[in-house]
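Single-letter residue listing:
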Amino acid sequence: MITAAVRAETGRLLTLPAVWLTAAVTLVAAGLLRELDHTQAGLLVLGTLAGTTEVRTTLLAVPRRGTAATARAVAVTLAATPVSAGAALLADRAGAAAYLVMTALLATGVSSLIRHPAASAGLLTGWYMIAGPVLRALVPASAGWLPDALRTGPALVWTIAVLAVAAVVLSRRDA
Amino acid sequence: MSAELRKLAGLPGAWAGLLIGLLAGPLLVVLNAPAVRRALADGTVTDRADLGLQHLGLALIGATVLGVVTISSEYTRARDDTGSRQVSATLLATPRRVRLLGVKTAALVLVVAGQGVLATILTLAVTAVVHGTAVPAPGWGRCAGAVLFWVLTALLAYAFTIVTRSGIVPLVLFLVNSSVVSVSYLLTKLTPAAAYLPDIVGAHMFLHGMDSPVHPPPLVAGLIMTAWVAVLLAAAGTLFVRRDA
């Protein structure tokens with residue numbers, strides 16, 4: 001059951017043209033800019049695409065919502081890993097690959113809660129690119145607590161929390 | 001025209017954009033006040049009149065959001081099972097596409113120009129309260145340049161969204177680029193030609209002490225940015241007229 005759902009969800013992600021386009025743009029940006037502060041936006045978009053597109057069709061095919069949520073998280077991990085590893089290597093920060101995968105997963109959770117692709121992408125990018133850095137400039141200690149500072153620890157905690165909330169909401173709420 | 005204005009007023013995203021644009025500038029002036037005071041004390045500031053207007057940079061996101069949602073709302077699929085899009089109804093009511101686009105553009109310019117003027121006044125007023133005479137008020141010409149930059153940025157996002165027909169791409173692109181260190185700015189370190197990208201060159205209309213490989217006079221800067229917007233709008237308009245809706 002779960003393996004079939006994972007295979008279906010991975011197939012769905014890998015056949016979305018927008019996913020390939022996002023992956024390509026992310027890698028080019030990482031190679032050109034050689035940094036991850038801006039490049040991580042690509043993973044946010046990847047997660048948003050997974051979290052907001054074709055939700056109804058997915059639930060029609062996989063009505064068990066817990067299974068659907070788990071399959072989605074696994075599929076995003078599978079799809080985001082090569083992009084994250086590539087971007088991290090290009091930016092000379094191989095250690096940040098896991099952080100980038102978590103960023104994509106976090107975006108999947110947040111966007112599936114918001115359920116509107118442009119609003120989710122706007123909110124997430126706005127947070128990661130603008131609100132977060134401004135906050136860090138004012139309160140440097142915030143980097144240790146928020147998920148957007150290229151640190152694996154806080155990102156892991158936030159990602160697990162957001163995915164759990166998203167899974168509960170997905171199983172309770174009308175689609 | 002009033003139909004387009006009312007459609008814009010019915011969008012939650014447009015209101016979000018309007019508020020961000022109006023409030024981000026003044027808020028940033030207050031938050032950034034200690035850093036500005038330090039810079040003034042260090043004497044590293046090349047042009048003191050820049051300090052008020054430079055806080056408009058982040059508030060521009062508001063104008064960008066307005067430009068994006070004006071178009072992306074037409075292409076968002078309805079959440080009911082019909083999956084219909086606003087653009088079908090719009091084109092049924094106004095089949096002449098050139099005219100429709102003209103009216104839409106006019107509605108956007110009207111709203112964004114009003115927003116730009118208000119945001120500039122608010123930001124400068126808060127700057128005057130926070131810093132007093134330490135930061136002189138910029139002249140009328142520079143304020144007008146800032147408002148023009150504001151309107152042109154919204155039109156840039158608008159033209160871009162007409163091409164992509166989805167809000168995600170332009171929104172992410174422009175948000176990433178309005179990040180604390182913009183991508184365009186990083187690109188100027190790779191190649192000096194990037195200094196002619198619209199957002200960098202346009203800022204010379206109202207900021208004088210920018211770190212940039214070229215320093216065109218405000219009028220030239222305005223013309224270059226206007227040319228960018230005109231070309232993009234023309235391309236987007238052609239696509240909109242020729243392409244299946």
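Source: prediction; values computed, not measured.

Student: So what exactly am I meant to see when it comes to the overall build of chain B here?
Tutor: A count of helical and extended segments in chain B gives 12 helices and 0 strands. Judged by the C-alpha coordinates and their principal axes, chain B covers about 60 × 35 × 30 Å. Counting across all 245 residues of chain B, residues that qualify as buried make up 42%. For chain B, the share of sequence-separated contacts (at least 6 apart) that also reach a separation of at least 24 residues comes to 75%.

Student: Any chance you could explain the overall build of chain A here in plain terms?
Tutor: A tally of helices and strands in chain A yields 8 helices and 0 strands. Each helix (α) and strand (β) of chain A, taken in turn from the N terminus, gives the series α-α-α-α-α-α-α-α. Against the compact-globule benchmark of 16 Å for 175 residues, chain A has a radius of gyration of 16 Å, which places it among compact chains. Reported as C-alpha extents along the three principal axes, the dimensions of chain A are approximately 45 × 30 × 25 Å.

Student: Sorry if this is basic, but what is going on with helix α7 (residues 97–131) of chain B here?
Tutor: Residue pairs three or four apart in sequence face the same way in an α-helix, which turns once every 3.6 residues. Residue and element names in this part refer to chain B. When the terminal C-alpha atoms of α7 are compared, their 49 Å separation across 35 residues agrees well with the 51 Å that a helix rising 1.5 Å per residue should span. Those residues of α7 not exposed but buried are K104, A107, L108, V111, V112, Q115, G116, A119, T120, T123, L124 and T127. Check the buried side of α7 and you find it contacts α1 (2–9), α2 (12–31), α4 (50–53), α5 (56–75) and α8 (140–164). In the stretch just after α7, G132 is the one whose phi turns positive, near 60 degrees.

Student: Sorry, what's going on with the interface of chain B and chain A here?
Tutor: When the parts of a complex come together, some accessible area is lost, and that lost area is often taken as the interface size. With 16 residues of chain B at the interface, the matching set in chain A holds 17 residues. Looking at the side of chain B that touches chain A element by element, the count peaks at 5 residues for helix α9 (residues 168–177) of chain B.

Student: I tried to follow the packing of helix α1 (residues 2–14) of chain A against helix α5 (residues 65–90) of chain A on my own but got confused; where do I start?
Tutor: Any two packed helices are characterised by the angle at which their axes cross and by the distance between the axes. Residues and elements named next belong to chain A. Interaxial distance between α1 and α5 falls to 8 Å at its minimum, and their mutual angle equals 50 degrees. The orientation of α1 with respect to α5, classified from their angle, is oblique. The two elements α1 and α5 meet at a crossing, and its hand is right-handed. Every residue of α5 that contacts α1 at I2, A5, V6, E9, T10, L13 and L14 is listed here: T67, A68, T70, A71, R72, V74, A75, L78 and A79. Looking at the contact of α1 with α5, its residues break down into 11 nonpolar, 3 polar and 2 charged.

Student: Quick question: what am I supposed to make of the nonpolar core here?
Tutor: Burial of nonpolar side chains together is a common tendency in soluble globular proteins. Ranked by size, the top nonpolar core spans 111 residues in total, and within it A:L46, A:L100, B:L66, B:A154 and B:V172 carry the most contacts. Counting residues per element, this core draws most heavily on α8(B), which supplies 16 residues.

Student: Is there a simple way to explain the environment of B:N32 in this structure?
Tutor: Within the secondary structure layout, B:N32 lies in the loop between α2 and α3 (33–42). Between the C-alpha atom of B:N32 and that of B:R142, which follows or precedes it by 110 residues, the distance is 21 Å.

Student: Any chance you could explain the confidence of the model for chain B here in plain terms?
Tutor: When pLDDT drops low, the exact placement of atoms in the prediction is not to be read closely. Residues and elements named next belong to chain B. With 98% of its residues at a pLDDT of 70 or more, chain B has an overall mean of 88. Predicted confidence in chain B is weakest over α4, with a mean pLDDT of 82, and strongest over helix α12 (residues 218–242), with 94. What the predictor reports for the complex is a pTM of 0.89 with an ipTM of 0.85.

Student: Looking at this structure, I do not really get helix α8 (residues 152–172) of chain A. What am I missing?
Tutor: Residue and element names in this part refer to chain A. Spanning 21 residues, α8 covers 30 Å between terminal C-alpha atoms, matching the ideal 30 Å at 1.5 Å per step. Within α8, burial applies to A155, W158, T159, V162, L163, A166 and L170. Viewed along the axis of α8, the buried residues span an arc of 130 degrees, placing them on a single side of the element. Exposed and oriented more than 90 degrees from the buried face of α8 are G153, A164, S171 and R172. Looking at the buried side of α8, the elements it contacts are α5 and α6 (97–114).

Student: Looking at this structure, how should I read the environment of B:A125?
Tutor: Residue and element names in this part refer to chain B. Within the secondary structure, A125 sits in helix α7. Of the residues examined, A125 has 14 C-beta atoms within 10 Å and is grouped as partly exposed. Residues A125 and N177 lie 52 residues apart in sequence; the distance between their C-alpha atoms is 27 Å.

Cut-offs applied
Residues numbered from 1 in each chain as written. Chains lettered and ligands numbered in written order. Predicted model: local features only at pLDDT ≥ 70, side-chain atom pairs only at ≥ 80, totals over all residues. Helix = DSSP H or I, 4+ residues; strand = E, 2+ residues; numbered from the N terminus. Buried ≥ 20, exposed ≤ 12 C-beta atoms within 10 Å, placed from the backbone. Contact = placed C-beta atoms within 7 Å. Rg over C-alpha atoms; globule rule 2.2 N^0.38 Å. Expected span 1.5 Å × (residues − 1). Axes fitted to C-alpha atoms, helices over the stretch in contact; angles between N-to-C directions. Parallel < 35°, antiparallel > 145°, perpendicular 65-115°, else oblique. Left-handed = near helix turned anticlockwise from the far one by under 90°. Nonpolar A, V, L, I, M, F, W, Y, C, P; charged D, E, K, R; others polar. Core = buried A, V, L, I, M, F, W, Y, C linked by C-beta atoms within 7 Å. pLDDT = per-residue confidence, 0-100. Arc of directions from axis to C-beta.

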